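Close look at the chain arrangement
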Amino acid sequence: MTQVQKFVENPKFAQVQLEEYLSGEDFNTPTLKESAQKPLSQREPIKHLLIGSPKAVTSTIHFLQVIGYASVGDWSQLLPTANPGEVMSILSRQILVS
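These lines cover the structure that appears in this document, whether it is placed above or below. (Residues numbered from 1 in each chain as written. Predicted model: local features only at pLDDT ≥ 70, side-chain atom pairs only at ≥ 80, totals over all residues. Heavy atoms only, no water.)

Brief notes about the overall build of the chain
So the rule is basically this: Put simply, DSSP H or I for four residues or longer makes a helix, DSSP E for two residues or longer makes a strand, and each gets a number counted from the N terminus. Exposed residues in this analysis have more than 50% of their type's maximum accessible area, buried residues have under 20%, and partly exposed residues fall in between, with area computed by a 1.4 Å probe over protein chains only. The contact criterion used is simple: two residues touch if any of their non-hydrogen atoms lie within 4.5 Å.
Broken down by element type, the chain carries 4 helices and 3 strands. Listed N to C, the secondary structure of the chain is α-α-α-β-α-β-β in terms of helices and strands. Residue burial in the chain is summarised as follows: out of 98 residues, 19% are buried. Counting contacts in the chain only where the partners sit at least 6 residues apart, residues at least 24 apart contribute 60% of the total.

Put into structure tokens, the structure is as follows:
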């Protein structure tokens, strides 16, 4: 059984997978004390969410790799949404904010 079939047949499985994916991220968010010591720049988490047909989402993920923004392996697996024929994929990154 493929991962997509598991998600389609059991929507709660998809939600659990998404929650595990997001909770497993270690963003190394600075504490208040650390923030005061580094006022010029900080790293902050940002999440990108692609939603669309499997073909559109996969195509966009591959394009973002071609332009050097994110590797295909950095994205979550395709997760079905509540809409038939629609999936989503998530990318979590740390960006520098000044």
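Quick word on the environment of proline 45
Mapped onto the secondary structure, proline 45 falls in strand β1 (residues 42–52). C-alpha separation for the pair proline 45 and leucine 96, spaced 51 residues apart in sequence, amounts to 9.0 Å.

What to know about the pairing of strand β3 (residues 87–97)
Applied cut-off: Strands are labelled as partners when DSSP assigns at least two bridges between them.
When β1 meets β3, the two strands line up antiparallel, connected through 11 bridges. Each residue of the ladder has a partner; that of proline 45, found in β3, is glutamine 94. Here strand β2 (residues 79–80) runs beside β3; their pairing, made up of 2 bridges, is antiparallel. Paired with leucine 79 across the bridge in β3 is methionine 88. Hairpin connection of β2 to β3: 6 residues between the antiparallel strands, including glycine 85 at a positive phi of 75°.

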